[in-house]
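# Observations on chain architecture
One-letter residues, chain by chain:
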Number of protein chains: 2
Amino acid sequence: MPKKIFFTPGPSAIYFTVEAHMKTALKEQVMEINHRSAQAEGYYKTTVENLKALMAIPEDYQIFFLSSATEIWERQLQNLVIEKSFHYCYGAFSNRFYDFAADWKLSPQKAASDFGSLPNTDPSLIPADTELMTMALNETSTGVSFPVKDIYNIRKAHPDALIAVDGVSAFPVIDLDFSQIDSAYFSVQKCFGLPAGLGVWIVSPRAIEKANQKLAAGHSIGSYQSLPNLLKNGLKAQTTFTANVLNIFLLSKVTADMLEKGMEVIRRESKYKAALLYHTIEQHPALSAFVTDKKLRSETVAVANTQSDSGIIINALKEKGLVVGNGYGAHKGKQIRIASFPTHSKEQIELLADTLSSL
Amino acid sequence: MPKKIFFTPGPSAIYFTVEAHMKTALKEQVMEINHRSAQAEGYYKTTVENLKALMAIPEDYQIFFLSSATEIWERQLQNLVIEKSFHYCYGAFSNRFYDFAADWKLSPQKAASDFGSLPNTDPSLIPADTELMTMALNETSTGVSFPVKDIYNIRKAHPDALIAVDGVSAFPVIDLDFSQIDSAYFSVQKCFGLPAGLGVWIVSPRAIEKANQKLAAGHSIGSYQSLPNLLKNGLKAQTTFTANVLNIFLLSKVTADMLEKGMEVIRRESKYKAALLYHTIEQHPALSAFVTDKKLRSETVAVANTQSDSGIIINALKEKGLVVGNGYGAHKGKQIRIASFPTHSKEQIELLADTLSSL
C-alpha cells in the first residue's frame, strides 16, 4: 500500500528526512545511551544552537526540553504568575491556557472572541497589574493568526509584564522578534515534522528572574520543572528528567536540514503554499475560507467551511492518499483543516489543491 | 563498528524486538496519525490490556500514559495528598519523591536510611493521619529492593491511607499484588526496553476517589493531568495531551512479545541472571556487593563497590563492547551498576559475568 500524505495540522507528515535519521539513531544506539552522557549533551547543545540560528533567538535566552506544549502552559503559570495572567482566547488552544490558570486557582483575565476571529488587541484593554500576557501566534483549531506587530504594541504599552507566545504550529515559519517577548514554546509534531513527545520552551532572562522572585516571595514554583532547576540542568546541556533523547537527536538533525535549506527559502515557499491553498478554497464552489479577515489567515493551517458534511471531502481525499484534518470541536463535520508545514513540498500542496479542485 | 550491549540501569538496551517494531511504525506511519484517531486508540487499548495481563492488574484499575515517572511523582502529590505524605527514603529516587512534596509546600514525613540499606519498615512508625505512603520497589541508585511483604504489612496496619509504589526498574519483573496498593508507576526505558519518553501510571478506584474528594474540598488537583481528566480521556482510550504515540505503539508490541514469552519464563530467567551477577561480584577480588543484606538485593540492578576507581573497570568493559553504569551521585567512581532487564539474555549476562571475572 503506498504511503499516505498527512496534511493534518498535527501530528502531521514527518519531516522528509526523519526516516533516514531514525535509522541512524538505531545504528548509533541513540535510544540506549545515558541521558546525562556527553553524547546526549551533544545532541542537546546542537539542537539549541540550531534553533537559535533558525529563529534568531537572542544569545542570552535559554531553551529547555519538556514533554509537550501542554505541559509548558502549566509550567509558565507555575513559574511566571503569582496571581494575575491575561489571555487572548480565540480557539481551543488559546482558551485552554486560560482554563489551566483557573484550574490552578489563579485569577486569570481574558479577551475572548468567537472561533475564526481575533479579540480586540488594543493594549489599553489589558489591566495594568497583569504579570503575564499570552497569545497563540497560530490558533491551530481555527486557522487564525495573531499579528506579530500587535505583540510589539502590547510590549510597548506594558513593558513590565511578561509576554508568552504559543508558537506551536507557527515556529519556525512565522518570524518573531524574540527580544520583544519572554516565553515562547512549541511541540515538535507540527512544523518540525517529528514524532510527538517533546515540548520546547524558550525563555528570556526576565522570565527566569520572575521565577526567582516568586520563589523568594515564599510561593512554590513547582519541583523539577521550576525555571531555576531547568536552568541548572540546562547550563550542563541536560534535561531535568529522563527526556525523549531520541526526539532531541531527531530535532538536532531536522533543524540542521532546515538550516541547510535556509529559513528564507522555507518562508518563501510557505507563503506560496498558503496563497495556493486559500485561492483553491475561494475558487471552490463547495468551500469557503473560515477566517474572513485576510490579514488574520494562518499561513500554516488553512481552514475551510464545507457546504455539506466535511467527512465527504475528507474521505474522498483519503481515497487518493491525501489526509486532511476535520474541523475542531463544534466545527467537526463542518470544516476541513489543512496543514502546510515545511515538510510539505510545493508539489504536494499543488497535488492537494488540484485534487480538491476536482472534487 | 559492532553494536555495544548496554547493561546501564536506564536508559538501557532496547528490547530486542524494538528495532523491527520501529520499522513497522515507519511503514505504517504511526508517527503521523492523529493521537485521537481510532488507530491510536487501538494502540492505547492493546497496551492497557497487555499490561493488565502481564502484571495481573485488577480489572477496575486504570492505566494512564504520561511523560515520565518523574512527572508521576508530581501528579500523585497533586491528586492524592492534601497535606500529609510519608516517604521511605533510601536512595536518590525515593528521596526525590519526598523532596518534591517539600517543593510543593506539603508537609511530608519520612523514614530514611543510608544508601545501600532500607529504613525500618515497621508500620507503627508511620503517623496515623498519613494520606499517602510511598516506597520504591527497586531503588535504581543503590540496588536496594523493598520487600513486597513489607508493603502488605503496611497496608494491613494503615488500611485507610493510600500506597504508591515506584516500579520504575522493577515492573514487570517483580511480582506485586496490585489489589494491596493504590498507585504504581514506571517509565519505559528500564525493564520494558523502550526509548525514553513515556511514563505509565496505574491507579486504583480509591485513588481516583481521593482526587475527587480533594477537588470537592476546594483544593486544586491540577489541570490536564488531574485524575478526573485522565479518567475522562482514558475511558475513550485517549491521552490528555499529544502524547508519545510511537512509544505507546512500541509498548503494545513489546508487551505482546513478553506475553508470548511468558512472565514465568521472564521471572525465572531474571532470578538466574541476578544470582549469576551477585555470584560473580562476590567471587571477584576487586569487587564486593554494595547491598550486604541479601534479602534486600535488587534482582534487576546489581550494584558492586570497586576497590579502585570504578572507571577503570567500566572502560575495560566498554572496550569489549559491554556498557555498565557508574555509581550514582556520591558513589560515582566507587561503584558499578549492572542492569539485568528482560531484554538481557542469559547469554549476554553470562558474557558480562565471564568478562568481569577475567578483569
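Residues numbered from 1 in each chain as written. Chains lettered and ligands numbered in written order. Predicted model: local features only at pLDDT ≥ 70, side-chain atom pairs only at ≥ 80, totals over all residues.

## Description of the domain arrangement of chain A
All names here are of chain A. Splitting chain A by domain gives domain 1 (5-13 + 262-358) and domain 2 (18-260). Domain 1 and domain 2 are separated by 26 Å when their C-alpha centres are compared. In this complex, domain 1 contributes 28 residues to the contact, which on the side of domain 2 involves 26 residues. Mapped onto the side of domain 1 that touches domain 2, the elements with two or more residues apiece are α9 (263-283) and β12 (301-306). Considering each element in turn, the side of domain 1 that touches domain 2 owes the most residues, four residues, to α9. (Domains from an automatic or database assignment. Contact = placed C-beta atoms within 7 Å. Helix = DSSP H or I, 4+ residues; strand = E, 2+ residues; numbered from the N terminus.)

## Topic: the interface of chain A and chain B
It is common to report an interface's size as the accessible area lost on association of the parts. On the chain B side, the residues contacting the 42 residues of chain A number 42 residues. For the side of chain A that touches chain B, the elements supplying multiple residues, two or more each, are α1 (18-27), α3 (69-80), α4 (92-103) and α8 (245-261) of chain A. For the side of chain A that touches chain B, the per-class residue count stands at 17 nonpolar, 17 polar and eight charged. (Nonpolar A, V, L, I, M, F, W, Y, C, P; charged D, E, K, R; others polar.)

## Here's the deal with the relation of the copies chain A and chain B
The two chain copies are related to each other by a rotation about an axis together with a translation along it. Screw-axis analysis of chain A against chain B gives a translation of 0.0 Å along the axis, an RMSD of 0.0 Å, and a rotation angle of 180°. Such a combination of turn and shift is consistent with a two-fold rotation axis. Every residue of chain A has its C-alpha some distance from the rotation axis, and the shortest such distance is that of serine 67 of chain A, at 3.0 Å. Looking at chain A, 100% of its interface residues are interface residues in chain B too, so the copies touch through the same face. (Least-squares fit on C-alpha atoms with pLDDT ≥ 70 in both.)

## A look at the pairing of strand β8 (residues 162-166) of chain A
Residues and elements named next belong to chain A. With five of its five residues buried, β8 lies for the most part within the structure. Judged by which residues are buried, β8 turns out to be covered on both faces: Leu162, Ala164 and Asp166 on one side and Ile163 and Val165 on the other are all buried. Pairing of strand β5 (residues 132-136) with β8, which is carried by five bridges, proceeds in the parallel orientation. Considered in β8, the bridge of leucine 132 is made with leucine 162. Strand direction decides the pairing type here: β8 and strand β9 (residues 183-187), joined by three bridges, are parallel. If you follow aspartate 166 over to β9, its bridge partner there is tyrosine 185. (Buried ≥ 20, exposed ≤ 12 C-beta atoms within 10 Å, placed from the backbone. Pairing = 2+ DSSP bridges.)

## Side note on the confidence of the model for chain A
Taken over all residues, the pLDDT of chain A has a mean of 97, while the share at 70 or more is 100%. Predicted as a complex, the structure gets a pTM of 0.97 and an ipTM equal to 0.96. (pLDDT = per-residue confidence, 0-100.)

## Concerning the pairing of strand β12 (residues 301-306) of chain B
Residue and element names in this part refer to chain B. Where burial is concerned, most of β12 is hidden: five out of the six residues are buried. Where β12 lies against strand β15 (residues 335-339), five bridges are found, and the strand directions are antiparallel. When the bridges of β15 are listed, asparagine 305 appears paired with glutamine 335.

## Details of the environment of phenylalanine 64 of chain A
Residues and elements named next belong to chain A. Turning to its location among the elements, phenylalanine 64 is positioned in strand β2 (residues 62-66). Spatially, the C-alpha atoms of phenylalanine 64 and leucine 246 are 15 Å apart, while their sequence positions differ by 182 residues. When near neighbours in sequence (up to four residues on either side) are disregarded, phenylalanine 64 contacts Trp201, Leu230 and Gly234.

## Here's the deal with the sheet that holds strand β14 (residues 325-326) of chain B
Residues and elements named next belong to chain B. Within the open sheet, the four strands sit side by side as β11-β12-β15-β14. Their pairing is antiparallel. Of all strands in the sheet, those with a lone pairing partner are β11 (287-289) and β14, marking the two edges. In the sheet, β11 pairs with β12 via three bridges, with the strands oriented antiparallel. Among the inter-strand pairings, leucine 287 is bridged to a residue of β12, identified as threonine 306. Here helix α10 (residues 310-319) sits on the sheet in contact with β12, β14 and β15, set at roughly 40° to β15. (Axes fitted to C-alpha atoms, helices over the stretch in contact; angles between N-to-C directions.)

## With respect to the packing of α9 of chain A against helix α11 (residues 346-358) of chain A
All names here are of chain A. One can describe the packing of α9 onto α11 by two numbers: an axis separation of 10 Å at closest approach and a directional angle of 0°. With respect to α11, the element α9 is oriented roughly parallel. Residues Glu269, Tyr272, Lys273, Leu276, Leu277, Thr280 and Gln283 of α9 form the contact with α11, whose participating residues are Lys346, Ile349, Glu350, Ala353, Leu356 and Ser357. When the residues that make up the contact of α9 with α11 are grouped by side-chain class, the tally is six nonpolar, three polar and four charged. (Parallel < 35°, antiparallel > 145°, perpendicular 65-115°, else oblique.)

## A look at the nonpolar core
One finds Leu194 and Val245 of chain A together with Leu194 and Val245 of chain B to be the most contacted residues of the largest nonpolar core, which totals 223 residues. Excluding residues that lie within four positions of it along the chain, valine 245 of chain B makes contacts with Ala196 of chain A together with Val30, Met31, Ile33, His35, Ala40 and Tyr43 of chain B. (Core = buried A, V, L, I, M, F, W, Y, C linked by C-beta atoms within 7 Å.)

## As for the sheet that holds strand β14 (residues 325-326) of chain A
Residue and element names in this part refer to chain A. Overall, antiparallel pairing links the four strands, which are arranged β11-β12-β15-β14 in an open sheet. Lying at the two open borders of the sheet, with one neighbouring strand each, are β11 (287-289) and β14. Sitting on the sheet, helix α10 (residues 310-319) touches β12, β14 and β15 (335-339), and the angle it makes with β15 is about 40°.

## Comments concerning helix α6 (residues 205-216) of chain A
All names here are of chain A. Taking 1.5 Å per residue, 12 residues should reach 16 Å; α6 reaches 17 Å between its end C-alpha atoms and fits that length. Among the residues of α6, those classed as buried are Ala207, Lys210, Ala211 and Lys214. For α6, the angular spread of the buried residues around the axis is 100°, confining them to a single face. Along α6, the residues that are exposed and aim more than 90 degrees away from the buried face are Pro205 and Ala216. Buried-residue contacts for α6 involve α3, β8, β9, β10 (199-203) and α7 (227-234). One or two steps after α6, the chain reaches glycine 218, where phi turns positive at roughly 95°. (Expected span 1.5 Å × (residues − 1). Arc of directions from axis to C-beta.)

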